[in-house]
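The primary structure of each chain is shown beneath.
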Protein chains: 2
Amino acid sequence: MSNGTLKIRRIAIDTYHENVAYMSRDCEIYRAEGFQALSKITISTNEHRVLAVLNVVDDISIVEPDELGLSEQAYKQLNVDEGTQVSVDYAEPPKSMDAVRRKINGERLSQQDFDNIAFDIAETRYSKMEMAAFLVATGQNNLDRDELLFLTRSMLKSGERMNWHESLVADKHCIGGIPGNRTSMLVVPIVAAHGMLIPKTSSRAITSPSGTADTMEMLAKVNLPPKHLHTIVRKERGCLAWGGTAKLAPVDDMLISVERPLGIDSQGQMVASILSKKLAAGSTHLLIDIPVGPTAKVRHMREALALRKLFEFVGDQLDVHLEVVITDGRQPIGRGIGPALEARDIMQVLENDPEAPPDLRQKALQLAGRVLEFDPDVRGGQGYAIARDILDSGRALAKMNAIIEAQGAKQIDLQPGDLCHEIRAESTGFITNIDNFQMAKIARIAGAPMDKKAGVNLLKKLGEPVVKGEPVYRIYAEFPSDFKFAKNLAAQNRGYMIGSDEQILKSFVAF
Amino acid sequence: MSNGTLKIRRIAIDTYHENVAYMSRDCEIYRAEGFQALSKITISTNEHRVLAVLNVVDDISIVEPDELGLSEQAYKQLNVDEGTQVSVDYAEPPKSMDAVRRKINGERLSQQDFDNIAFDIAETRYSKMEMAAFLVATGQNNLDRDELLFLTRSMLKSGERMNWHESLVADKHCIGGIPGNRTSMLVVPIVAAHGMLIPKTSSRAITSPSGTADTMEMLAKVNLPPKHLHTIVRKERGCLAWGGTAKLAPVDDMLISVERPLGIDSQGQMVASILSKKLAAGSTHLLIDIPVGPTAKVRHMREALALRKLFEFVGDQLDVHLEVVITDGRQPIGRGIGPALEARDIMQVLENDPEAPPDLRQKALQLAGRVLEFDPDVRGGQGYAIARDILDSGRALAKMNAIIEAQGAKQIDLQPGDLCHEIRAESTGFITNIDNFQMAKIARIAGAPMDKKAGVNLLKKLGEPVVKGEPVYRIYAEFPSDFKFAKNLAAQNRGYMIGSDEQILKSFVAF
C-alpha cells in the first residue's frame, strides 16, 4: 500500500481484445467507482504502462483491497510479475479522437491525422466504442481516395515490415466471403515449385468457418516465429503460415475485431486492411481476387469494378505491382467447408485424385497462372499452362509436402466429425442457387473452425441435377450442442434452391 | 449438467452498463472460445432471457466447468436464483442493425426503423460498439428534422410514461455544460410555492462534477419509488428527485452511457434525449435553458438559435408547450462546483444570506419567472417580480424545507472536504475568462460527485479585480490521490485568465 500503489494480481479471465482491470470497491487508495464512470484507467510501473477498462469487484477472493487484478490480455501486455506495485491514473481520452470527431463532422483528414489515430489504436488507447466511432465515420463513401491512401499508409506504419531481400515477392489475396475458397493452399505450392518467392501469411477465421491458417493447420504447424519462417522460405520459396506471429499492421487486427461483429466493413476499409497487411508482409507483386455473386461480398459487377479501381489507385501509390481478377462468386468453392473438409479437398487436387472438386482445381490454376505471369520470363497468357503442368506432374504435391515438412508435419487425419446429418433434396430438379452466407453460417455453428472436423460437405453444386431424397449436403460436428444448433439453422433455411434448369443462377463473370 | 444446461453463479464484478457472462474454458457442454469470437450470447431459463458478452475463465475458483458466471448487472437483469439451470445460445445480431447500416449508407429512416432500434436497445440487444455505430450514424447533420422527431418518439415509447392528471405540469431543463448551474433547486421551490405543479426529476452526474440529483442528495433522499413521488408531489406541488427509479426513456440512459465517453453528442441527439425524458416524466409545459459561451456546450449565438428551432419543431409535434431561453454561459454559475459546495450556495440564496452568490440568484429568478408565466393567470412580464417576491418573503425556503421533509431530510453537513488547496492570482488585473470545462474537470478529478465534499469553490468571478497573490479559487478533496491529481491538473491549466478590463470576455446574450 506504500506510495499509493497496488499489487498486481493476474486474473484468469480472457477478455478478448479488450484490457480489463479489476479493483476492489473497498480499495483504500483509489475510488474505484469514480474511475469506472470515466471508463478507462492507465496502469503504470516505472517502465511499463497499459490502458484498461475498470470493473469494480466486491469479492476478496477475486481481488483484495490492496490489489489490482488484470485480465489475461492486460497482464500479458503490462508484462510484469504478479505482486509488482503499480500506480493507477485517469486515462485521458486519446488525443486523436478529436480528428475522429472532425471526420464525423464531415472534414477531410490529413496523413498526420491518420498517423495519430493509428498510433493511438496501436497503443490500445482506443476502446471498442471509439474504434466503432472511427469505423462508422470513415465507412462507406466517407473517405476519398487520398484519405484511403493515408489510412493505408498509417496502418502499414503501425507495425513491423518484413523484408525478403528479393525484387519479386509474390502474394495473392481474396477479399473473402466464399466458403471453401482455399486456393492459396494450391497456388503457393504451384508458384513456389516454379521457383518464384511466395511467402504466404494468412489469418485465422474470425467470423467465417475457416481461414487458410486454420485449414493449413490440419497438415502442418502454422504458428512459426518470424526467424524460422525466413529459413523455410529461403529453402522452399514458399510457406503457408499464420500471419499473427509477426506484428504486421496490428491496427488492422484491432479494427477487424470491431468491424466484423458490427458487419460494417466498407470498400475503403477493405482496401486499407488488405494492402496494409500485404505490404507489411513484404509483397512486391500482388494478385487480388474479387468474387462476384448475389451472396458474395461484392454483389454487382459495377461494384467489383469500383473496388478494383480503389485497389489499383492505392497499390500504385504504395509502389506494389498489383493486379485484380474478378471471379465467379455464385457459390462455395470445392465441397468442404471447415478445416478438415477443406484440407481433404486440397489434398485431392494436389494428388490428381479423380474425386477432386473440379471447380477448386480450375480456380487455383487460373490464379496460379496469373501469379506466374508476374515472372518477366513467362510470356503473357502462358501462366495457366505452366501451372497445370506443375500440378499434373506432381511437382506441386512434392512442393506442398516439402513445405509441410519444413513447417512441421502433423499427424494427418482429415476424417470429418462423428456426428453427421444429411440434408436431402425436397424435390427433383436442378440446384439453382447456393447461399454462401448461409452455408458458412451452418458450418460455423456446427463448430468450425474451433472444431477442426466440424463443417459442411456439399454433395451437389450449382447446376447439378438432383432427385428428390438424394443428399445435397452433410453437416458434421463433434459436440451435441453445436450439432443441434446447426441442424436447427439448416431446418430454418437450407441454403440452396431446387428449380428448373432455366432458373440456374447465371454468372456475372465471363470466362 | 443435465439437458445441456449450466448452473448460474453470481460473480461480484460490477461491469457498468454491460452484461458479462463468465464461462469456463473447460465447459463440457458449450465451446466457450467459439462463442466468444461471436461476441454475444443469449442466456435463458423457461421464463427469463438476457444477452451478455462472454469472457472465458481459466480459474475454477471463479467458475466451475458446469457453471455460468454472471456479472452483477447480468445477474440482476436475469433475475433468477444462484444455481438455476440455464441454457446458452448464440445471440443473433439485432435485426434493427440493418437499419443502422442503411443509415450509415446515407438512407433516411422511418418511424418503424427507429421504433425497432429503440426496442432492441431497450432489450439490451445492442453492444456498446453497436450503440456507438448508431450514434455516429445519426450524429451531426445526419438526421433531418422528421427523423429527429421519429427518434424522439421511439425513445419516449421505449419506457414508462408518468401521468400527473393535471393540465399544467411544468418543468425546466438546462442542456448542461455549465458547472454550478443548479437553478432547478431554486426554481422548483419558487414555482411550487406559487402553486404550480413542478415534479422535477433529474439525473446524477455522468461526466460532470455534480448533477441536480447529486446536489439535492446533500439535503434529502432523492431515490424515491414512483408511488411515494406521487404522494409528495400531490402534497407539495413539487419535488427534486432522481429520475432513475421510474423507467423513463431507458434508451436515453443507455445511449448516454456510450455518447459521453465518446464526446460525440450532436444537437439532434441532445434534443431527442431531453424531450423524450421530459415527456416521459409527464411534462406539459417545458422551459429549456441554452447557455452560450466560448467554453459552454453551445459556443455561438447562431448555433443556439438553430438548436432552439429544433426544440420548438419537435416539441410542437409532440404537443408540449415549449419555450427556450438563451442564457449567459461564459462562466460557472454561483461559487461552488461539487455537491456540498453547490448545496451551500443554494441554501444561501434561499435564506437571503448577503453572502449568497448574486448570479445564481439572478438566473434562478429569471428562469422561475418564465416558468411562472406558463400560468394563464400571470400577466406576461410579471413572472420575475412574482418569483422575487416568493424568494424574498421566505416562502421559497419554507417550500424547500417542506420538500426536503417530505422526501426524507438528511443530517445536513455542507462543509467542504478536509484537503484544501488555494490557487492564487499570478498577477494583478481582472478575471477576463473562466473555463467551464477545465473547472468542471478539476472538481471532477478532486472526487466530485462520488465524494460529496470534493470540488472547487470560486472566490473571484468574471470581471472581478484581483491582486497578485489573492486566492482565485480553492480545490477541496477527501482522498490524497484525488487531491494530488486535481492539484496537478490545476497546475497544468488554472482554468482562468487575468488581464486588463478591456479583455474581459463579453456576453453574447443581451439581457
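Residues numbered from 1 in each chain as written. Chains lettered and ligands numbered in written order. Predicted model: local features only at pLDDT ≥ 70, side-chain atom pairs only at ≥ 80, totals over all residues. Heavy atoms only, no water.

A. Examining the overall build of chain A more closely. Of the regular secondary structure elements, chain A holds 18 helices and 19 strands. For chain A, the C-alpha radius of gyration of 25 Å lies close to 24 Å, the compact-globule estimate for 511 residues. Taking the intrachain contacts of chain A between residues at least 6 apart in sequence as the baseline, contacts between residues at least 24 apart amount to 80%. The distance from the centre of the 61 positive side-chain charges to the centre of the 67 negative ones in chain A is 4 Å. (Helix = DSSP H or I, 4+ residues; strand = E, 2+ residues; numbered from the N terminus. Rg over C-alpha atoms; globule rule 2.2 N^0.38 Å. Contact = heavy atoms within 4.5 Å. Lys, Arg positive; Asp, Glu negative; His and termini not counted. Charge placed at Lys NZ, Arg CZ, Asp CG, Glu CD.)

B. Layout of the environment of Leu287 of chain B. All names here are of chain B. Examined against the element boundaries, Leu287 turns out to sit in strand S11 (residues 285–292). Look at Leu287 and you get buried, because its relative accessible area is 1%. For the pair Leu287 and Lys172, spaced 115 residues apart in sequence, the C-alpha separation works out to 4.5 Å. (Buried < 20%, exposed > 50% of the residue type's maximum accessible area, 1.4 Å probe, protein only.)

C. Quick look at the relation of the copies chain A and chain B. Overlaying chain A on chain B yields an RMSD of 0.1 Å, the required transformation being a rotation through 180 degrees with an accompanying axial translation of 0.0 Å. This pairing of chains is accounted for by a two-fold axis. Relative to the rotation axis, the closest C-alpha in chain A is found at Met129 of chain A, a distance of 2.3 Å. A symmetric contact is evident, with 100% of the interface residues of chain A recurring at the interface of chain B. (Least-squares fit on C-alpha atoms with pLDDT ≥ 70 in both.)

D. Inspection of the environment of His194 of chain B at higher detail. Residue and element names in this part refer to chain B. Structurally, the position occupied by His194 is in helix H7 (residues 184–194). Along the primary structure His194 and Lys399 are separated by 205 residues, whereas in three dimensions their C-alpha atoms are 9.7 Å apart. Among all residues touching His194, those that are not within four sequence positions of it are Leu372, Asp375, Val378, Ile386 and Ile390. Within polar-contact distance, the side chain of His194 engages the side chain of Asp375 at 2.9 Å. (Polar contact = N/O pair within 3.5 Å; in protein donor to acceptor, adjacent residues only side chain to side chain.)

E. How the structure looks around helix H12 (residues 301–317) of chain B. All names here are of chain B. With 17 residues, H12 should cover 24 Å at 1.5 Å per step; its first-to-last C-alpha distance of 25 Å lies within 8% of that length. What H12 keeps buried is the set Ala304, Leu307, Leu310, Phe311, Phe313, Val314 and Gly315. The first or second residue beyond H12 is Asp319, which carries a positive phi of 70 degrees. (Expected span 1.5 Å × (residues − 1).)

F. The sheet that holds strand S8 (residues 170–174) of chain A, seen in detail. Residue and element names in this part refer to chain A. Here 3 strands make up an open sheet; going across it, the order is S8-S11-S12 and the pairing parallel. Unpaired on one side and paired on the other, S8 and strand S12 (321–328) mark the two borders of the sheet. Averaged over all pairs of adjacent strands, the angle between strand axes in this sheet comes to 20 degrees, irrespective of strand direction. As paired elements, S8 and strand S11 (residues 285–292) share 5 bridges and run parallel to each other. (Pairing = 2+ DSSP bridges. Axes fitted to C-alpha atoms, helices over the stretch in contact; angles between N-to-C directions.)

G. Summary view of the interface of chain A and chain B. Across the contact, 56 residues belong to chain A and 56 residues belong to chain B. Run the count over chain A and chain B and you get 2 salt bridges. Asp14 of chain A serves as the salt-bridge partner of Arg25 of chain B, at 3.2 Å between the closest nitrogen and oxygen. Summed over the shared surface of chain A and chain B, the number is 8 residue pairs in polar contact (both at pLDDT 80 or more). Here the side of chain A that touches chain B takes 7 residues from helix H5 (residues 128–137) of chain A, the largest share from any one element. Of the pairings in the sheet, the one linking strand S2 (residues 13–14) of chain A to strand S5 (residues 49–57) of chain B comprises 2 bridges and is antiparallel in character. Bridge pairing in S5 of chain B links Asp14 of chain A to Val56 of chain B. (Salt bridge = Lys/Arg side-chain N within 4 Å of Asp/Glu carboxyl O.)

H. Molecular detail of the sheet that holds strand S19 (residues 496–499) of chain A. All names here are of chain A. Pairing is antiparallel in the open sheet, where 3 strands are placed in the order S17-S15-S19. Here the strands that pair on one side only, and so sit at the sheet edges, are strand S17 (465–466) and S19. Pairing of strand S15 (residues 429–434) with S17, which is carried by 2 bridges, proceeds in the antiparallel orientation. Along S17, the bridge assignment pairs Phe430 with Pro465.

I. Spatial organisation of unusual backbone geometry. The linkage connecting Ala448 of chain A with the following residue, Pro449 of chain A, adopts the cis geometry, with an omega of 5 degrees. Position of Pro449 of chain A relative to the elements: it lies in the loop between helix H17 (436–445) and strand S16 (455–458). The backbone of Thr124 of chain B shows a phi angle near 55 degrees, a positive value even though the residue is not glycine. For Thr124 of chain B, a relative accessible area of 15% gives the class buried. In this model, Asp319 of chain B sits at a positive phi of 70 degrees, which is unusual for a non-glycine residue. Among the residues examined, Asp319 of chain B registers a relative accessible area of 70% and is labelled exposed.

J. Local environment of the pairing of strand S9 (residues 198–202) of chain A. Residues and elements named next belong to chain A. Most of S9 is tucked away, with 5 of its 5 residues classed as buried. The side-chain alternation of S9 yields two buried faces, one formed by Ile198, Lys200 and Ser202 and the other by Pro199 and Thr201. Pairing geometry for S9 and strand S10 (residues 238–242), over 5 bridges, is parallel. Note that in S10 the partner of Thr201 across the bridge is Ala241.

K. Fine view of helix H4 (residues 111–122) of chain B. Residue and element names in this part refer to chain B. Here H4 is 12 residues long and its end C-alpha atoms lie 16 Å apart, about the 16 Å a rise of 1.5 Å per residue gives. Considered for burial, the residues of H4 that qualify are Gln111, Asp113, Phe114, Asp115, Ile117, Ala118, Asp120 and Ile121. Tucked inside the fold, the buried residues of H4 contact helix H3 (97–104), helix H5 (128–137), helix H6 (145–157) and helix H10 (250–262). One or two residues past the end of H4 sits Thr124, with phi positive at roughly 55 degrees.

L. Up close: the packing of aromatic side chains. All names here are of chain A. Counted according to the given criterion, the structure contains 2 aromatic pairs over all chains. On the numbers, 6.1 Å between centres and 90 degrees between planes, the contact of Tyr473 with Tyr496 is edge-to-face. Placement of the pair is Tyr473 in strand S18 (residues 471–477) and Tyr496 in strand S19, with a sequence separation of 23 residues. Pair check on accessibility: Tyr473 and Tyr496 agree, each one buried. The ring of Phe313 is capped by Arg145, whose NZ or CZ atom sits 4.2 Å from the centre of that ring. The aromatic ring of Trp242 is capped on one face by Arg204, whose charged end is 4.9 Å from the ring centroid. (Phe/Tyr/Trp six-rings, centres within 6.5 Å; stacked < 30°, edge-to-face > 60°. Lys NZ or Arg CZ within 6 Å of the ring centre and 35° of its normal.)

M. Region of interest: the environment of Pro209 of chain B. Residue and element names in this part refer to chain B. Relative to the assigned elements, Pro209 resides in the loop between strand S9 (198–202) and helix H8 (212–216). Residue classification places Pro209 among the buried positions, given a relative accessible area of 4%. Separated by 242 residues in the primary sequence, Pro209 and Asp451 have C-alpha atoms spaced 9.7 Å apart. Beyond its immediate chain neighbours, meaning those up to four positions away, Pro209 contacts Ile337, Gly338, Pro339, Ala440, Ala443, Arg444, Ala448 and Pro449.

N. Examining the side chain of Glu67 of chain B more closely. Residues and elements named next belong to chain B. Tracing the backbone shows Glu67 in strand S6 (residues 67–70). For Glu67, a relative accessible area of 13% translates into the label buried. Here Arg9 takes part through its side chain, which lies 2.9 Å from a polar atom of the side chain of Glu67. Discounting residues that sit within four places of it in the chain, Glu67 has contacts with Leu6, Lys7, Arg9, Tyr22 and Ile62.

O. Just the packing of helix H9 (residues 226–236) of chain B against helix H16 (residues 395–407) of chain B, in detail. Residue and element names in this part refer to chain B. H16 packs onto H9 with a crossing angle of 155 degrees between their chain directions and a minimal axis gap of 10 Å. As far as their axial angle goes, H16 and H9 are roughly antiparallel. Our pair here, H9 against H16, has a crossing hand that is right-handed. Packed against H9, whose contacting residues are His228, Ile232 and Glu236, the element H16 presents Lys399, Ala402, Ile403, Ala406 and Gln407 at the interface. Of the residues belonging to the contact of H9 with H16, the class tally is 4 nonpolar, 2 polar and 2 charged. (Parallel < 35°, antiparallel > 145°, perpendicular 65-115°, else oblique. Left-handed = near helix turned anticlockwise from the far one by under 90°. Nonpolar A, V, L, I, M, F, W, Y, C, P; charged D, E, K, R; others polar.)

P. Up close: the pattern of salt bridges. All names here are of chain A. For the coordinates displayed, the defined rule picks out 74 salt bridges over all chains. For Arg237, the salt bridge is made with Glu166, and the minimal N-O distance between the two is 2.8 Å. With a gap of 71 residues between them, Arg237 in the loop between helix H9 (226–236) and S10 and Glu166 in the loop between helix H6 (145–157) and S8 connect regions that are remote in the sequence. By relative accessible area, Arg237 is classed as partly exposed at 22%. A salt bridge links Lys460 to Glu470, with the nearest nitrogen and oxygen atoms 3.0 Å apart. Residue Lys460 is found in the loop between S16 and S17, and its partner Glu470 is found in the loop between S17 and S18; the two are separated by 10 residues along the sequence. Among the residues examined, Lys460 registers a relative accessible area of 14% and is labelled buried. Glu470 sits in the partly exposed class, given a relative accessible area of 27%. When salt bridges with common partners are traced through the structure, they connect Arg204, Asp214, Glu217 and Lys452 into a single cluster.

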